[in-house]
Amino acid sequence: MTAPSALPAPHDTPLDLGGRTALVTGAAGGIGRACALRLAAAGAKVRAVDRDAEGLEALAAAAADLGGAVEPLVLDLTDLDAAEAAAAGTDVLVNNAGLQLVRPIEEFPPDVFHTVLTVMLEAPFRLLRGALPHMYGQGWGRVVNISSVHGLRASAYKSAYVAAKHGLEGLSKTTALEGASHGVTSNCVNPGYVRTALVEKQIADQALAHGIPEERVVAEVLLQDSALKRLIEPEEVAQAVAYLCGPAASFVTGTSLVLDGGWTAH
C-alpha cells in the first residue's frame, strides 16, 4: 500500500503568499524589481528596499497596476543597523542588492572592496538577524539569496564581487542548517549574466580591462563559457525565486539553483 503524500501534487499548489511579508533588496530595478513584482503577484506584501526612491515609486505603481502591494523603503544597506531593523517581521527574505567594479586586484580601490563586501555579504547577515526571529517564531520562512555563477566560479578582475558571492553561498548554507528545525529554508539562485543595468555597466568596464571594443565583450568575455549564447532575463530569475518560496520546494534547502546556460557544465 502506498503511503499518502505529505504534500499535494505540485500542479495543485500554486504559489500563494497571501498574508506573508516579503523583503527584497535592490528592488528598484533589474532582478530585484522582477522578484518584487513576482512575489507581489503571489499575494505577498513586498517591502521593497533600495537607495533609488524614484525607482521604488515606479515599482510600487507597477505592482498596484497588477493588483499587488509594494511598500517602498528607501535605505542604504551600508547602514547595517537600519537594514537589520527593516527585516523585522519578514516571512520571505530575498537578498539581491549588489554592485560591481571590474579592476585588477593591485588597482582595486580598498574602499570599494569594503563597500561591496558590506552591501553584498554583511548586509545579508544583518538582514537575517532581523528576519529569523520572526520566521523561527512562526515555524516557517524562506530565504533566497541572489548569488551568481560567480558564487561558484571566479573571473579575473572581479575580486570583491567574487569574494562576496562566495561568502554569500556559505552564509546561505549555514542559514539552511540552523533554520531547518524551525521550518526555514535557505537557498541561492545563481544566474549567469542577466540583462540588467549592472551588466550593461560591466560591458564598458570589461572592454577597458581587456582592451577590446564593447561590441566584442558580450560574445568573447561575458558569454564565452556559456553554452546558451544569450543573456538571461530578470523575470526568469524571479520565477526561480518563486519556486524556492513555494510548496514544491519545501525539501530544497542549503543548495544553489544554477541558471547559467551551461557555464558550469565545463
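Structure first, text after, so check above.
Because the structure is predicted, anything quoted here is derived from the model rather than measured.

Calculation criteria
- Residues numbered from 1 in each chain as written.
- Predicted model: local features only at pLDDT ≥ 70, side-chain atom pairs only at ≥ 80, totals over all residues.
- Heavy atoms only, no water.
- Helix = DSSP H or I, 4+ residues; strand = E, 2+ residues; numbered from the N terminus.
- Rg over C-alpha atoms; globule rule 2.2 N^0.38 Å.
- Buried < 20%, exposed > 50% of the residue type's maximum accessible area, 1.4 Å probe, protein only.
- Contact = heavy atoms within 4.5 Å.
- Areas by Shrake-Rupley, 256 points an atom, 1.4 Å probe, with all protein chains shown as cover.
- Lys, Arg positive; Asp, Glu negative; His and termini not counted.
- Charge placed at Lys NZ, Arg CZ, Asp CG, Glu CD.
- Expected span 1.5 Å × (residues − 1).
- Pairing = 2+ DSSP bridges.
- Right-handed = clockwise from strand over helix to strand, strands pointing away.
- Axes fitted to C-alpha atoms, helices over the stretch in contact; angles between N-to-C directions.

## Digging into the overall build of the protein
When its secondary structure is counted, the protein shows eight helices and seven strands. Taken against the 2.2 N^0.38 rule, which gives 18 Å for 266 residues, the C-alpha radius of gyration of the protein at 18 Å falls within 12% of a compact globule. Counting only C-alpha atoms, the protein reaches 60 × 45 × 35 Å along its principal axes. The burial tally for the protein puts 50% of its 266 residues in the buried class. Contacts in the protein between residues far apart in sequence, at least 24 positions, make up 72% of those at least 6 positions apart. Taken as a whole, the protein presents about 12,200 Å² of accessible surface, with 56% of it coming from carbon and sulfur. Each charge class in the protein can be summarised by its mean position, and for the 19 positive and 29 negative side chains these summaries are 4 Å apart.

## Some points on helix α4 (residues 110–138)
Compared with an ideal rise of 1.5 Å per residue, which puts 29 residues at 42 Å, α4 spans 41 Å between its outermost C-alpha atoms and is within 8% of the ideal. The positive-phi residue at the C-terminal boundary of α4 is G139, with phi of around 75°.

## Describing the pairing of strand β5 (residues 141–146)
The two faces of a sheet get side chains in turn, since along a regular strand they alternate between them. Of all six residues making up β5, six are buried, and the element is well covered by its neighbours. The two faces of β5 match: G141, V143 and N145 on one face and R142, V144 and I146 on the other face are all buried. The pairing of strand β4 (residues 92–95) with β5 spans four bridges and is parallel. Pairing of L93 across the sheet is with V143, part of β5. Handedness of the β4-α4-β5 crossover: right-handed. Both β5 and strand β6 (residues 184–191) contribute to a ladder of six bridges, which runs parallel.

## Describing the sheet that holds strand β2 (residues 45–50)
Strands belonging to one sheet form pairs held by backbone hydrogen bonds; the direction of such a pair is parallel or antiparallel. Spatial ordering of the open sheet is given by β3-β2-β1-β4-β5-β6-β7, a layout of seven strands whose pairing is parallel. The sheet is open, and its two borders are formed by β3 (69–74) and β7 (256–259), each paired with just one other strand. If you compare each strand with its neighbour and ignore which way they point, the axes differ by 15° on average. Strand contacts of helix α1 (residues 30–41): β1 (21–25), β2, β3, β4, β5 and β6, with the helix running at about 170° to β1, the strand carrying the most contacts. Set on the sheet, helix α8 (residues 234–245) makes contact with β4, β5, β6 and β7; between it and β6 the angle comes to about 160°.

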